[in-house]
Amino acid sequence: MWWNNVETKPGTGYPTLWEDQGKYRGGWEKRGKSVRLRLHNRGEGLANIFYNPSLPSLDDYYEPWSYRYGDLTSAPSGDDQPVARPVSMITGREMTIEAGPNWDDDLGGSGIYAAGDINLAALTTEERQQLFLLERLVFFHLPRICNHCLNPGCVAACPTGAIYKRGEDGIVLVSQEKCRAWRMCVSGCPYKKVYFNWKTGKSEKCILCYPRQETCQSPACFHSCVGRIRYLGTLLYDADGIERCASLPDHELVEAQRELILDPGDPRVCQKAREDGVHEAIIEAAKKSPVYNFVKEWGLALPLHPEARTLPMLFYVPPLLPVAATMEDGKYDLGGLPFDDQVTGRLPIRYFAALFAAGNDQPVRAAYRKLHAVRLHRRRETVGDIPEELVQQALEEAGSTSQEAEAIYRMTSLATFAERHVVPPFLREMAIEATTDPFERKESTGAGFIRPPKRGW
Ligand code: SF4
């Protein structure tokens, strides 16, 4: 089970080549003005129900192994150090390890693993070759959990309706009672974030730690992230626009998904949310959501592989080149590299466009311009070796202001835990009360959430 893994990019990831939808047929594809599951239509799904050729195999996940540790203590005396041989946990036999978790971590074996990254197809041959030259070796890390998508391929592919998206918070879950092990969800998910548990015979996936969230705690991986890179927040969105958004051409997807997300600061949005039964506590949480800032207000965070059209609800800020110490004419001195290289860590922008924007480099470029402007703004504040005009020019080019740059700096560097993780209070309990308490049910607003009690206790 690797519900939550961190991959090294460029790389083939886990399971191997999960991004290759030609092989795995995950997510949705555009057909005319609409979309359909890439895996199958209803008839094909029924015909293929006992045979699914688009599943990752054991080798794609890696063959699990342990070591025969007893060899270390039971080996007879001799000149050589005893060795614990690897043993397959599937067959029990000795094996040669050829792949495993984080096998390609930090570019280990890059010529084989990183070179197999399908996003590199967006680059020219020369750019690809450049990447693997020793003096230009670059990599970054891509944390991956289930994206709890708005238009989840896993839910649509499940023939038994065992997977569902909770109405109250959008978390996607697999009912362990209903799952009948067809494993169509594994294929239907373009991120390969549903895993089949061969011991229980059920599919399993990241549950976004819903039991923690129901007690107002953030998910464990968000809570324990040492780098403080994970932010959690509520987004209000226009569910009626999902189908239209998922059916747009690739280059419009990022912008359209942003448009789906509504401004909780707009009184009309709040009023409509109330009319639709969204609880006041959730509206208040949405107003404080750091995710809204990153995705919509600042335009810094982008969805992973939006071309799969599942409308993923996890967003990534593209990685910025680590700070270089010396500057010349307001630019970091990187031996004359162009702007793109200065900000992206020397991976071409097109690589990130393939990863985060369905090949459209505009949103990626905009995010990088803003990140770069924030960096210059802070350098002027702290080191003071950049002329004011250059900072203003960078901010203008990024469509930003020094106030916004300061707000981004604050959220990414100084924000408290409570500012980074805004969990709406007792969401599940409110919904349960609304449907089980006969007194409160009369007061129900119709969408599962209760009005504040009128009685005086
Ligand atoms: S990322 Fe999660 S919600 Fe989206 S399709 Fe995959 S398993 Fe389903």
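Cut-offs used in this document
- Residues numbered from 1 in each chain as written.
- Predicted model: local features only at pLDDT ≥ 70, side-chain atom pairs only at ≥ 80, totals over all residues.
- Heavy atoms only, no water.
- Buried < 20%, exposed > 50% of the residue type's maximum accessible area, 1.4 Å probe, protein only.
- Helix = DSSP H or I, 4+ residues; strand = E, 2+ residues; numbered from the N terminus.
- Pairing = 2+ DSSP bridges.
- Near = heavy atom within 4 Å.
- Nonpolar A, V, L, I, M, F, W, Y, C, P; charged D, E, K, R; others polar.
- Patch = residues over 30% accessible without salt bridge, like charges linked within 9 Å, V, L, I, M, F, W, Y side chains within 5 Å.
- Areas by Shrake-Rupley, 256 points an atom, 1.4 Å probe, with all protein chains shown as cover.
- Salt bridge = Lys/Arg side-chain N within 4 Å of Asp/Glu carboxyl O.
- Expected span 1.5 Å × (residues − 1).
- Contact = heavy atoms within 4.5 Å.
- Axes fitted to C-alpha atoms, helices over the stretch in contact; angles between N-to-C directions.
- Parallel < 35°, antiparallel > 145°, perpendicular 65-115°, else oblique.
- Left-handed = near helix turned anticlockwise from the far one by under 90°.

**A short note on the pairing of strand β6 (residues 140–144)**
A regular strand places its side chains so that they alternate between the two faces of the sheet. Across the five residues of β6, four count as buried, placing the element largely inside the fold. By the bridge criterion, five bridges tie strand β1 (residues 5–9) to β6 in an arrangement that is antiparallel. Paired with T8 across the strands is H141, a residue of β6.

**Digging into the site of the ligand**
Around the ligand, the surrounding shell consists of C146, N147, H148, C149, P152, G153, C154, V172, C189, Y191, V194 and K205. Here the shell around the ligand is composed, by residue class, of eight nonpolar, three polar and one charged.

**With respect to the side chain of H40**
Within the secondary structure, H40 sits in the loop between β3 (34–37) and α2 (42–47). On the basis of relative accessible area, H40 is assigned to the buried category, the value being 11%.

**Considerations on a nonpolar patch on the surface**
Taken together, the side chains of Y67, Y69 and L72 make up a nonpolar region of the molecular surface, amounting to roughly 300 Å² of accessible area. Mapped onto the elements of the fold, Y69 is located in the loop between β4 (65–67) and α4 (70–74). Exposure remark for Y69: the relative accessible area of 51% places this residue in the exposed category.

**A word on helix α19 (residues 402–414)**
Each α-helix winds once per 3.6 residues, and so residues spaced three or four apart point in a common direction. Counted at 1.5 Å a residue, the expected span for α19 with its 13 residues is 18 Å, and the 17 Å between its end C-alpha atoms agrees. Where α19 is buried, its residues meet α14 (290–297), α17 (361–382), α18 (388–397) and α20 (417–420).

**A word on unusual backbone geometry**
P10 follows K9 through a cis peptide bond whose omega is -5 degrees. Residue position: P10 is located in the loop between β1 and α1 (21–24). Of the consecutive residues Y14 and P15, the connecting peptide bond is found in the cis state with omega at -5 degrees. The residue P15 is located in the loop between β1 and α1 in this model. Backbone geometry at R183 places phi at a positive 65 degrees, although glycine is not the residue there. As for its placement among the helices and strands, R183 is situated in the loop between β8 (172–174) and α7 (184–188). Overall, the relative accessible area of 25% leaves R183 in the partly exposed class.

**A short note on the pattern of salt bridges**
Taken as a whole and assessed by the stated rule, the structure comprises 26 salt bridges. Residue E7 pairs with R144 through a salt bridge whose shortest N-O separation is 2.9 Å. Remark: R144 occurs in strand β6 and E7 occurs in strand β1; sequence separation between them is 137 residues. Relative accessible area serves as the criterion here: at 4%, E7 is assigned to the buried category. Using a relative accessible area of 1% as the deciding quantity, one classes R144 as buried. A salt bridge links E29 to R31; the shortest N-O distance between them is 3.2 Å. By relative accessible area, E29 is classed as buried at 18%. With relative accessibility at 45%, the residue R31 sits in the partly exposed group. In this structure, a network of salt bridges that share partners links the residues E29, R31, R36, R38 and E44.

**Here we look at the packing of helix α16 (residues 349–356) against α17**
Where α16 meets α17, the axes come as close as 8 Å, and the angle between the chain directions of the two elements is 115 degrees. Between α16 and α17, the angle is such that the two are roughly perpendicular. Of the two possible hands of crossing, α16 and α17 adopt the one that is right-handed. Contacts from I349, F352 and A353 of α16 reach α17 at D361, V364, R365 and Y368. Class assignment for the residues of the contact of α16 with α17 results in five nonpolar, no polar and two charged.

Coordinates in, geometry out; function isn't part of it.
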